[in-house]
Amino acid sequence: MTNIISGTKLASKRKEVLKEAIIKANQKYHRSPKLAVILVGNDVGSLSYVKGKEKAALEVGITIETFHYEDNITEEILENKIKELNLDDNVDGILVQLPLPKHIAQDRIIDLILPSKDVDGFHPYNVASLYLKHEGILPCTPKGVIAMLDSENITIEGKRAVVVGRSNIVGMPLAKMLLDRNATVTICHSRTKNLKDITKEADILIACLGKAKFITSDMVKDGATVIDVGVNRDKITNKLCGDVDFDNVSLKTSYITKVPGGVGPMTICCLLENTYIAYLNHFNNK
Ligand code: NAP
């Protein structure tokens, strides 16, 4: 029988540890960590993600303030807000909920965030730090995936890892982190030929392509570890589902994650941990 790696349980454990650390740090620094969130428009997904982050932040004692703008906001107003938050000594982390409306140059906005406050790890400085193995802020979802593997003592070194998806926020950084842990990594994408032949070789298979139940059991090696990053709606049931056909794939795996309750809670947990790290660095003048 397969083992299910529960992101909900792991995140809950880690948040307890974080909460205790924040209580102690609060006594030393006389204020809580603070996260500023910028939300533009009323996309249902974005609103619900921000709500989840607000709830989780409050649970661990992180102050969170959301700046919610209408869809038609100008780039200038957003830029000025980021500059103001960069200068605000009481703000440790800044998060821009993506995607932004099309008329706003997303990259330009992210680039404006002070790297030390970029708790999503999306700023070019933090991206470069990962690739150069310098100290920086790691992106939350890949960091959460590695934490899930580590929580079960799943060996990464020497393993064949296959990452299906090459986005800047998930696939690419995750592939780099697996490589840094000495896995032999293959990155697949929409133009990959004979995908199944490659995924079948994976000891660790990461699905981050955003296609409901795309990874079927014939694409998975017996005994593999499968991590499902995808968040999709099942076209038939309209329920939340991942990129992996869980019911069938889980019959062959050693370890697998579920959607919901898998990578999602760990992404939020790592965001809180990054905010705490940014807060400590702030006081230690890093
Ligand atoms: P994205 O930017 O759309 O990237 C998707 C990647 O998958 C692209 O590299 C694309 O290839 C590749 N791809 C698409 N169709 C493919 C196919 N048929 N075969 C092989 N590769 C294919 O998506 P993302 O932002 O990385 O997100 C991926 C999924 O993870 C989404 O479902 C998203 O909602 C979810 N997500 C979850 C969390 C979480 O916390 N759980 C966090 C972030 C994202 P090309 O590069 O060739 O186009």
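Look up a bit, the structure's there.
Keep in mind that this is a model prediction, so the values were computed, not measured.

Scoring rules and cut-offs
- Residues numbered from 1 in each chain as written.
- Predicted model: local features only at pLDDT ≥ 70, side-chain atom pairs only at ≥ 80, totals over all residues.
- Heavy atoms only, no water.
- Axes fitted to C-alpha atoms, helices over the stretch in contact; angles between N-to-C directions.
- Helix = DSSP H or I, 4+ residues; strand = E, 2+ residues; numbered from the N terminus.
- Parallel < 35°, antiparallel > 145°, perpendicular 65-115°, else oblique.
- Contact = heavy atoms within 4.5 Å.
- Near = heavy atom within 4 Å.
- Polar contact = N/O pair within 3.5 Å; in protein donor to acceptor, adjacent residues only side chain to side chain.
- Areas by Shrake-Rupley, 256 points an atom, 1.4 Å probe, with all protein chains shown as cover.
- Nonpolar A, V, L, I, M, F, W, Y, C, P; charged D, E, K, R; others polar.
- Buried < 20%, exposed > 50% of the residue type's maximum accessible area, 1.4 Å probe, protein only.

Right, let's get into the packing of helix α1 (residues 7-29) against helix α2 (residues 44-60). Two elements in contact, α1 and α2, have axes whose closest approach is 8 Å; the angle formed by their N-to-C orientations is 55 degrees. One way to sum up the angle between α1 and α2 is to call them oblique. Across the interface between the two elements, K15, L18, K19 and I22 from α1 touch A56, E59 and V60 from α2.

Before going further, it helps to examine the site of the ligand. Taken together, 21 residues lie near the ligand, and R166, S167, S190, V231 and T267 sit nearest. A distance of 3.4 Å separates a nitrogen atom of the ligand from a polar atom in the backbone of V229. In this structure, V231 approaches the ligand through a main-chain N or O atom, which is 3.0 Å from an oxygen atom. When the free accessible area of the ligand is taken as 920 Å², the share hidden by the protein chains comes to 71%. In terms of residues, the shell around the ligand owes the most to one element, helix α10 (residues 263-283), which gives three residues. Within the shell around the ligand, the residues separate by chemical class into nine nonpolar, 10 polar and two charged.

For H282, the location among the structural elements is in helix α10. H282 sits in the partly exposed class, given a relative accessible area of 25%. In this structure, the C-alpha to C-alpha distance between H282 and S116, residues 166 residues apart in sequence, is 8.1 Å. The contact partners of H282, leaving out residues within four places of it in the chain, are R31, D89 and D92.

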